[in-house]
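Listed here are the chains, written in short residue letters.
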Amino acid sequence: MAGPVDMSELHFALDRVRSQLCHCGFKGECLGCKGIDMVRAQAEAVVAAASQPILLQVAQEASMKDMATRFEAMSERLMSDPDIRRSAEEMQQKLMSDPETRQLIEELMRRLGGTPPDS
């Protein structure tokens, strides 16, 4: 990659779309503002990740896979304990009973490529 990526055109386009969607006077409180901010952050994250040297990208991916494997092993060990399993199920039921929390968890699961938990 030759140098820093110029995202000014993208930011300008997002600002134009925001002006069409905003219902809160650009206070960042409405769905239009929040959505555009989310898209802007995602685009910046993609550019930052793609701008790294390929070896660093590979190392980060390997690190993430290792962390996921360790987390899965830890989860399996914890869930083999009946008391911890029962507590986790109760916590999941409480979380999923709140509509806003449920929506956030479902969105996160979609982004991670998983399936949302059932309630």
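Above this text is the structure in question.
Here goes a summary of the coordinates provided. Positions within a chain are numbered from 1, following the residues in the order the chain's sequence is written. Thresholds applied to this predicted model are a pLDDT of at least 70 for local features of residues and 80 or more for the giving and counting of side-chain atom pairs; totals over whole chains, interfaces and linings are not thresholded and use all residues. The side-chain values count all of the structure's non-hydrogen atoms but skip hydrogen atoms and water molecules.

### A word on the packing of helix α1 (residues 8–21) against helix α2 (residues 31–50)
Here's step 1: Taken N-terminus to C-terminus, the directions of α1 and α2 make an angle of 165°; their axes are 9 Å apart at the nearest point. Judged by the inter-axis angle, α1 sits roughly antiparallel to α2. In terms of crossing hand, the pair formed by α1 and α2 is right-handed. Contacts between α1 and α2 pair L10, H11, L14, D15, V17, R18 and L21 from the former with G32, C33, I36, D37, V39, R40, A43 and E44 from the latter. Angles run from 0 to 180 degrees between N-to-C directions of axes, and those axes are lines fitted to C-alpha atoms, restricted for helices to the stretch in contact. By the criteria applied, helices consist of DSSP H or I runs no shorter than four residues and strands consist of E runs no shorter than two, each listed in order from the N terminus. Angles are sorted into four bins: roughly parallel if under 35 degrees, roughly antiparallel if over 145, roughly perpendicular if 65 to 115, and oblique for all others. Two helices cross in a left-handed way if the nearer one is turned anticlockwise from the farther one by less than a right angle. They cross in a right-handed way if the turn is clockwise. Whether two residues are in contact is decided by their heavy atoms, any of which lying within 4.5 Å being enough.

### Here we look at the side chain of H11
Here's step 1: As for its placement among the helices and strands, H11 is situated in helix α1.
Here's step 2: The term polar contact refers here to a pair of N or O atoms within 3.5 Å; inside protein, the definition further demands a hydrogen-donor-capable atom paired with an acceptor-capable atom, and it admits residues adjacent in sequence only when both atoms are side-chain atoms. In terms of polar contacts, H11 uses its side chain to reach the side chain of R40, at 2.6 Å.
Here's step 3: The contact partners of H11, leaving out residues within four places of it in the chain, are R40 and E44.

### Section: the pattern of salt bridges
Here's step 1: Here, a salt bridge means any Lys or Arg side-chain nitrogen found within 4 Å of an Asp or Glu carboxyl oxygen. This model, assessed by the stated rule, comprises eight salt bridges.
Here's step 2: Residue K65 pairs with E61 through a salt bridge whose shortest N-O separation is 3.4 Å. Residue K65 and its partner E61 are both found in helix α3 (residues 54–79); the two are separated by four residues, about one turn of the helix.
Here's step 3: Its salt-bridge partner being E89, residue R85 comes within 3.7 Å of it at the nearest N-O pair. Residue R85 and its partner E89 are both found in helix α4 (residues 82–97); the two are separated by four residues, about one turn of the helix.
Here's step 4: A residue is classified by how much of its surface remains accessible, and R85, at 39% relative accessible area, is partly exposed.
Here's step 5: Shared partners join several salt bridges into a network, and the residues in it are E107, R110 and R111. Each residue gets one of three labels from its accessible area relative to the maximum for its type: buried under 20%, exposed over 50%, partly exposed in between, using a 1.4 Å probe on protein chains only.

### Section: the packing of α4 against helix α5 (residues 99–112)
Here's step 1: Orientation of α4 relative to α5, taken along the N-to-C sense of each, is 105°, at an axis distance of 5 Å. Considered as vectors, α4 and α5 are oriented roughly perpendicular to each other. Residue-level contacts link L95, M96 and S97 of α4 to P99, T101, R102 and I105 of α5.

### Thoughts on the state of the cysteines
Here's step 1: The definition used for a disulfide is geometric: two cysteine sulfur atoms within 2.5 Å. Going through the model one piece at a time under the given rule, you end up with zero disulfides.
Here's step 2: Of all cysteine sulfurs in the structure, the one in C33 sits closest to C22, which takes part in no disulfide; the separation is 3.6 Å.

### Side note on a nonpolar patch on the surface
Here's step 1: A cluster of nonpolar side chains, namely F71, M74, L78 and I84, defines an oily patch on the protein surface of about 350 Å² accessible area.
Here's step 2: By residue number, the principal contributor to the nonpolar patch is α3, which donates three residues.
Here's step 3: Along the polypeptide, M74 turns up in helix α3.
Here's step 4: On the basis of relative accessibility, which here comes to 35%, the residue M74 falls in the partly exposed class. Like-charged residues are merged into a patch within 9 Å and nonpolar side chains (Val, Leu, Ile, Met, Phe, Trp, Tyr) within 5 Å, provided each residue has over 30% relative accessible area and no salt bridge. Note on areas: Shrake-Rupley with a 1.4 Å probe; residue coverage comes only from the protein chains shown.

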